[in-house]
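Working through the structure, step by step
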Amino acid sequence: MADKKLLSVRTRLVDGLNHAVIRDLLDDLNSDGVLNDGEVEEVTEGQSRTRDKARCLVDMVRKKGSRASEKLLSRLQERDGSLHGQLELDAQPAQGAPVPIISQQETHPPGVLVPCTQQFYSRIFAEEADSVYPIKEKSGRKRLALIINNILFDRPDMERKGASKDEENMEKLLKDLGYTPETSNNLSAEDMEKTLRAFAKREEHKESDSTFVVIMSHGVRDGICGVHYQNEESKDVFPNDKIFEILNTQNCPGLRNKPKVILIQACRGEGGGYAFVSDSVPVDPMEYEDDALRKEHKEKDFICLCSSTPDNKSYRHCVLGTIFFQRIVEQFHANAHKDHIDELFRKVQNAFKDFPMQMPSKERTTLLKKFYLFPGL
């Protein structure tokens, strides 16, 4: 397969690529739909040395699978036939070599959620029923998701340009996963709390099997900025802990024993280095519930992925949106049909391996079972 072929010549290819060819390949792969604008900038702006740019490009394409790798090799032949020939990429497989098996992902259009097969669903519950969260029948369930996206702030210089693209992408992804997203924009910390509390009380949760809560804004160390945030002395900050309190067993009984996926895009401090556009806000110098019947864990069945580690920044492209949600959408599209949520988040984190300025952080995970999304079922 082309990705294995690319891996076999990786070192020589990285050594052989020059700046001009890398630039041409990036333009080609961008027009082919293999790389998006954010990924192109990650190669060109995130790496200083030519060899590092080449390594980043090759690894980025190879991880996208055989079709993407084949496109890179084809474009390489057009742009640098000499290097292509040196790598002996035209060599045919030996007589009688096995025909590569084409995966479901490779036959599915890029940028579209790969659906789960009934066979996979049946196998998972046949082999792991006791360790997998159940899902409700499609005909009777009422899955809700909440998106809070702060774009415009009292301070004009804090506008989160490109954030509407994240909102658009996440609304589409959640709909494709079978959720009905409810979106609220430009909220203060007080309004964020009111919105989340109202969402927690929705009756539909009783007929749901899970939920997603997505919050996007500027942020500080321990909280999410409301639209009235001004500086370090501002009170308009919604504490991250409140999300878990509002959705816990006591306050949101409709989601008891059901997965609650929290995605937070916000800076958590000033740490970091190079940026496209920083989400960071400038800072001035600066138990158990008893329900009378039995005891139940107060905070359980959560999984939260934050866009960065504590004290550090997150990064956002002015047009394409945050790198965090670009990677989430990519990984969910390609792998949600076969991976549970923990593994999906691991792959999102791994996609930042060559982007040293930011690393998503999985936190307060209290899932007791595997949560498969089974898209399409």
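Residues numbered from 1 in each chain as written. Predicted model: local features only at pLDDT ≥ 70, side-chain atom pairs only at ≥ 80, totals over all residues. Heavy atoms only, no water.

The chain appears in an unreviewed UniProt entry as Caspase a from Lepisosteus oculatus.

**Looking at the nonpolar core**
Counting residues in hydrophobic clusters, the biggest one holds 34 residues, and the most contacted among them are Met170, Phe212, Leu263, Ile328, Phe332, Ile341 and Leu373. Among the elements of the structure, strand S1 (144-149), helix H10 (163-176), strand S3 (211-216), strand S7 (260-265), strand S11 (302-306), helix H13 (323-335) and helix H14 (341-350) are those that each provide at least two residues to this core. Broken down by element, this core gets its largest block of residues, six residues, from H13. Setting aside residues no more than four positions away along its own chain, isoleucine 341 makes contact with Phe212, Val261, Ile303, Phe332, Leu367, Phe371 and Leu373. Counting residues in each nonpolar core, the second largest holds 26 residues, with Leu29, Val43, Cys56 and Leu72 among its members. (Core = buried A, V, L, I, M, F, W, Y, C linked by side-chain atoms within 4.5 Å. Buried < 20%, exposed > 50% of the residue type's maximum accessible area, 1.4 Å probe, protein only. Helix = DSSP H or I, 4+ residues; strand = E, 2+ residues; numbered from the N terminus. Contact = heavy atoms within 4.5 Å.)

**Let's talk about the environment of alanine 145**
Assignment of secondary structure puts alanine 145 in strand S1. Alanine 145 gets classed as buried once you look at its relative accessible area, which sits at 0%. Along the primary structure alanine 145 and glutamate 182 are separated by 37 residues, whereas in three dimensions their C-alpha atoms are 6.1 Å apart. Ignoring any residue separated from it by four or fewer positions in sequence, one finds alanine 145 in contact with Leu174, Tyr179, Thr180, Pro181, Glu182, Phe199, Thr211 and Phe212.

**Some words on helix H11 (residues 189-200)**
Between its first and last C-alpha atoms H11 spans 17 Å; for twelve residues at 1.5 Å apiece the expected length is 16 Å, and the two agree. Inspection of H11 places Ala189, Met192, Leu196, Phe199 and Ala200 among the buried residues, and these make up the whole buried set. Buried positions in H11, seen along its axis, are confined to an arc of 100° and lie on one side of it. In H11, the exposed positions that point more than 90 degrees away from the buried face belong to Glu190 and Lys194. Where H11 is buried, its residues meet S1, strand S2 (180-185), S3, strand S5 (223-225), strand S6 (237-239) and helix H12 (240-246). (Expected span 1.5 Å × (residues − 1). Arc of directions from axis to C-beta.)

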